[in-house]
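Chain and residue survey
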Amino acid sequence: MKEQTEKSSFEGLSPAEIREINAEISEYEDKMAVSTEALKIIQKHRRWVSDECLVAVAELLELSPAHLEGVATFDNLIYRKPVGKTVIHYCNSVTCWMLGSDQVRERLCRHLNVEPGEMSADGEYTVLPIVCLGACDHAPVVMVGDELRLDITEDVVDEILGR
Ligand code: FES
C-alpha cells in the first residue's frame, strides 16, 4: 500500500529525475537544502518546471508547493514556462540599461519575432531579462545558454543568432 502511495505521489517524474533528486537528498540532512537543485534537475531533463512537476518535487522533498514556488520565483534561472533550446538572458540592470540593453533586447526580439518570454517559432530561442550578471564594466552583457557574452553590439547580436 505504501509503495502505491509513493508511486502516485511522484507521478509525472521520471525514474531518472527521482533517482537524481534522491542522490541530492542523500547529501544533506535537510531536504529543504535540496530545493533549488531538485528544480534544476527537472529543468535539465525538461527545460522548464511545470506546475505538476513542482508539486511532485514538493512531495518528494516533503515540502509545501508554496515553498518551492517561492524558490522558483526567486531564482531567475528556473523557468516556469516552456522555453526554447537556448535561453538568451539580457541584463537589464542599471549599467547595461544605460549602455544599451534596450537596443540589444529589441534587436534580439525583432530578429526572432518574439516578445521577451516567448519562444521563437522554431523552438530554438527564448529571450528573458535578468538582473546584473556581474560584468558591468563590459556592459551591455547577455548570457547565451551558459555562456556570458560581453560588450554586446548589434553585430554581436547578429552573430549570436547566426544571421
Ligand atoms: S548591470 Fe549588466 S552586468 Fe551589471
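Residues numbered from 1 in each chain as written. Predicted model: local features only at pLDDT ≥ 70, side-chain atom pairs only at ≥ 80, totals over all residues.

Turning our eyes to something else, we now look at the overall build of the protein. Looking only at helices and strands, the protein has eight helices and four strands in total. Listed N to C, the secondary structure of the protein is α-α-α-α-α-β-α-α-β-β-β-α in terms of helices and strands. Each of the three principal axes of the protein carries a C-alpha extent, and together these read 60 × 30 × 25 Å. Residue burial in the protein is summarised as follows: out of 163 residues, 26% are buried. In the protein, of all internal contacts separated by at least 6 residues, the share reaching a separation of at least 24 is 58%. (Helix = DSSP H or I, 4+ residues; strand = E, 2+ residues; numbered from the N terminus. Buried ≥ 20, exposed ≤ 12 C-beta atoms within 10 Å, placed from the backbone. Contact = placed C-beta atoms within 7 Å.)

The domain architecture assigned to the protein consists of domain 1 (2–74) and domain 2 (86–160). On a C-alpha basis, the centroid separation for the pair domain 1 and domain 2 is 30 Å. (Domains from an automatic or database assignment.)

A few words on the nonpolar core. If you look at the biggest cluster of nonpolar residues, it comprises 17 residues, and the most contacted ones within it are Ile88, Tyr90, Leu108, Val141 and Val142. Counting only elements with at least two residues in this core, the list comes to β1 (86–91), α7 (101–112), β2 (125–130) and α8 (154–160). Counting residues per element, this core draws most heavily on β1, at four residues. Here Tyr90 is in contact with Ser101, Val104, Arg105, Leu108, Val127, Pro129 and Val142, once residues within four sequence places are set aside. By size, the runner-up hydrophobic cluster in this structure holds 16 residues, among which are Leu13, Ala56, Val57 and Leu68. (Core = buried A, V, L, I, M, F, W, Y, C linked by C-beta atoms within 7 Å.)

What follows covers the confidence of the model for the protein. Across the protein, pLDDT averages 92, with 94% of residues at or above 70. Counted against residues more than four places away or in other chains, residues 1–8, with its pLDDT under 50, gives zero contacts. (pLDDT = per-residue confidence, 0-100.)

Here we come to the packing of helix α3 (residues 35–46) against helix α5 (residues 65–74). In the contact formed by α3 and α5, the axes pass within 10 Å of each other and the chain directions differ by 75 degrees. The pairing of α3 with α5 is recorded here as roughly perpendicular in orientation. Residues Ser35, Thr36 and Leu39 of α3 lie in contact with α5, whose contacting residues are His67, Leu68, Val71 and Ala72. Here the contact of α3 with α5 is built from residues that sort into four nonpolar, three polar and no charged. (Axes fitted to C-alpha atoms, helices over the stretch in contact; angles between N-to-C directions. Parallel < 35°, antiparallel > 145°, perpendicular 65-115°, else oblique. Nonpolar A, V, L, I, M, F, W, Y, C, P; charged D, E, K, R; others polar.)

Cis geometry is adopted by the peptide bond preceding Pro140, which originates at Ala139 and carries an omega value of -5 degrees. With respect to the secondary-structure elements, Pro140 resides in the loop between β2 and β3 (142–144). Not every positive phi belongs to a glycine, and Asn113 is a case in point at roughly 60 degrees. Considering the arrangement of structural elements, one finds Asn113 in the loop between α7 and β2. On the basis of neighbour counts, which here come to 9 C-beta atoms within 10 Å, the residue Asn113 falls in the exposed class. Its identity is not glycine, yet Asp151 carries a phi of approximately 50 degrees, on the positive side. Inspection of the secondary structure assignment puts Asp151 in the loop between β4 (147–149) and α8. We classify Asp151 as exposed; it has 12 C-beta atoms within 10 Å.

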